[in-house]
Amino acid sequence: MNEIRLPQGVIRYRDTGQGPVVVLVHGLLVDGRLWDGVVEALAPRHRCIVPDLPLGAHEVPLEPAADRTPAGVAALVADFLDALDLRDVTLVGNDTGGALCQWVAARRPERIGRLVLTPCDTHENFLPPMFRPLQWLARVPALVVPVTMPLRLRPLRRLPIAFGWLAKRPRPDVEQDWIDRFFANPGARRDAVTFLAAIDKSFTRELARELESFAKPALVAFATDDKVFPPANGERLARAMPDARFERIEDSYAFAPVDRPRRVAELIEGFVRESQPVGAH
């Protein structure tokens, strides 16, 4: 595991493989291990960089003064690209991380060569309706631990309001570690709860309008069986961007990198190959 210090705090990240740079961004209450299967498939031909963002399953909390709002954490992603001096990046997002990637593409696109959005928040679907009770809870921080503590039990963790409708083929040990980290680390929990309380659908609604000016290649790939992020939202976003196409990921829920890692990797690799300038292969 590598780490780099940004003004907002220390970010740990995985850096694997060589070739065109792919940066993979996870969402709330998970870490970069969400992308393990995708990285395994891509790393022989791509440099895969996977940060652990301050979204609840990270080990190093942000500095006290850091901006923990969605815009603040999205800016942290852009600062991370700057700090590593990454260029012509294929920026890939899933779940909440897809919303963060939309912000980077719309407002700080200089280091992005192409954008890939797997199932994620978009338009009015931020947060998805089934998770909004968690946001209401986040606005009363003292209640977060006692109310959510039962999620440490595996049967309850598979409820729709937890991980149940996110992955068809869950990784129980990793899920357990994500949950354990959230409860064990008060600083990391504060980062996630503050972020969660600040979520507003105006964030993604505005970004969807701004992305109408994002002229770089984009791929939007949503899952056919997803109950959280409707494929129709992905199609809508793809239609709005000037150089975007839409793909479907079969037999998957929202965590397509977990359910169908090789399919996700195949889509990313083909998209990178097709969208590189002639002579750059």
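See the structure printed just above.
A few points on the structure. (Residues numbered from 1 in each chain as written. Predicted model: local features only at pLDDT ≥ 70, side-chain atom pairs only at ≥ 80, totals over all residues. Heavy atoms only, no water.)

### Considering the overall build of the protein chain
Thought 1: A tally of helices and strands in the protein chain yields 12 helices and eight strands.
Thought 2: Projecting the C-alpha coordinates of the protein chain onto the three principal axes gives extents of approximately 55 × 40 × 35 Å.
Thought 3: Out of the 281 residues belonging to the protein chain, those deemed buried represent 57%.
Thought 4: In the protein chain, 77% of the contacts between residues at least 6 apart in sequence involve partners at least 24 apart. (Helix = DSSP H or I, 4+ residues; strand = E, 2+ residues; numbered from the N terminus. Buried < 20%, exposed > 50% of the residue type's maximum accessible area, 1.4 Å probe, protein only. Contact = heavy atoms within 4.5 Å.)

### Description of helix α2 (residues 70-83)
Residues spaced three or four apart along an α-helix face the same direction, because each turn holds 3.6 residues.
Thought 1: Over its 14 residues, α2 extends 20 Å from the first C-alpha to the last, a length consistent with the 20 Å expected when each residue adds 1.5 Å.
Thought 2: Within the span of α2, buried status applies to Pro-70, Gly-72, Val-73, Ala-74, Ala-75, Leu-76, Val-77, Ala-78, Asp-79, Phe-80 and Leu-81. (Expected span 1.5 Å × (residues − 1).)

### What to know about unusual backbone geometry
Thought 1: Between Phe-126 and the following residue, Leu-127, the backbone shows a cis peptide bond with an omega angle of -5°.
Thought 2: You can see Leu-127 is positioned in the loop between β6 (112-120) and α4 (132-138).
Thought 3: Even without a glycine there, the phi angle at Leu-29 is positive, about 65°.
Thought 4: Within the element layout of this structure, Leu-29 appears in the loop between β3 (21-25) and α1 (36-42).
Thought 5: Unusually for a residue other than glycine, Asp-95 sits at a positive phi of about 55°.
Thought 6: Inspection of the secondary structure puts Asp-95 in strand β5 (residues 89-95).
Thought 7: A relative accessible area of 8% means that Asp-95 is categorised as buried.

### Concerning the nonpolar core
As a rule of thumb, nonpolar side chains are buried together in soluble globular proteins.
Thought 1: Residues Leu-24 and Ile-268 are the most contacted members of the largest nonpolar core, which totals 95 residues.
Thought 2: Not counting residues within four places of it along the chain, the set of residues in contact with Leu-24 comprises Trp-35, Val-38, Val-39, Cys-48, Ile-49, Val-50, Pro-51, Val-92 and Ile-268. (Core = buried A, V, L, I, M, F, W, Y, C linked by side-chain atoms within 4.5 Å.)

### As for the packing of aromatic side chains
Thought 1: Applying the stated criterion across every chain, the model contains six aromatic pairs.
Thought 2: Here Phe-163 and Trp-178 contribute two aromatic rings whose centre-to-centre distance is 5.9 Å and whose plane-to-plane angle is 35°, an arrangement assigned as tilted. You can see Phe-163 sitting in the loop between α6 (154-157) and α7 (172-184) and its partner Trp-178 sitting in helix α7, a full 15 residues away along the chain. Neither residue differs from the other here; Phe-163 and Trp-178 are each classed as buried.
Thought 3: With a centroid separation of 5.3 Å and 80° between ring planes, the pair formed by Phe-182 and Phe-183 is classed as edge-to-face. Judged on exposure class, the residue Phe-182 and its partner Phe-183 are both buried.
Thought 4: Grouped by ring-pair contacts, the aromatic residues Phe-163, Trp-178 and Phe-255 constitute a single cluster. (Phe/Tyr/Trp six-rings, centres within 6.5 Å; stacked < 30°, edge-to-face > 60°.)

### Remarks on the pairing of β3
Thought 1: In terms of residue burial, β3 counts as a mostly covered element, since five of its five residues are buried.
Thought 2: With three bridges connecting them, β3 and strand β4 (residues 47-52) associate as parallel partners. Opposite Val-22, over in β4, you have Cys-48 as the bridge partner.
Thought 3: Of the crossover connections in this fold, the one passing from β3 over α1 to the parallel β4 is right-handed. (Pairing = 2+ DSSP bridges. Right-handed = clockwise from strand over helix to strand, strands pointing away.)

### Considerations on the pattern of salt bridges
Here the idea is simple: oppositely charged side chains can pair when their charged atoms come close.
Thought 1: Taken as a whole, this structure holds 31 salt bridges when the rule is applied.
Thought 2: With a shortest N-O distance of 3.7 Å, Arg-181 and Glu-59 are connected by a salt bridge. Of this pair, Arg-181 sits in helix α7 while Glu-59 sits in the loop between β4 and α2; the two residues are 122 residues apart in sequence, bridging distant segments of the chain.
Thought 3: A cluster of three or more residues bridged by salt bridges with shared partners is formed by Glu-3, Arg-12, Asp-31, Arg-33, Glu-59, Asp-177 and Arg-181. (Salt bridge = Lys/Arg side-chain N within 4 Å of Asp/Glu carboxyl O.)

### Points about the side chain of His-26
Thought 1: Along the chain, the position of His-26 falls in the loop between β3 and α1.
Thought 2: For His-26, a relative accessible area of 0% gives the class buried.
Thought 3: Within polar-contact distance, the side chain of His-26 engages the backbone nitrogen of Leu-53 at 2.8 Å.
Thought 4: Contacts of His-26, omitting those with residues within four sequence positions, involve Asp-31, Gly-32, Leu-34, Trp-35, Pro-51, Asp-52, Leu-53, Leu-55, Asn-94, Thr-96 and Gly-97. (Polar contact = N/O pair within 3.5 Å; in protein donor to acceptor, adjacent residues only side chain to side chain.)

This is a description of form; function is not addressed.
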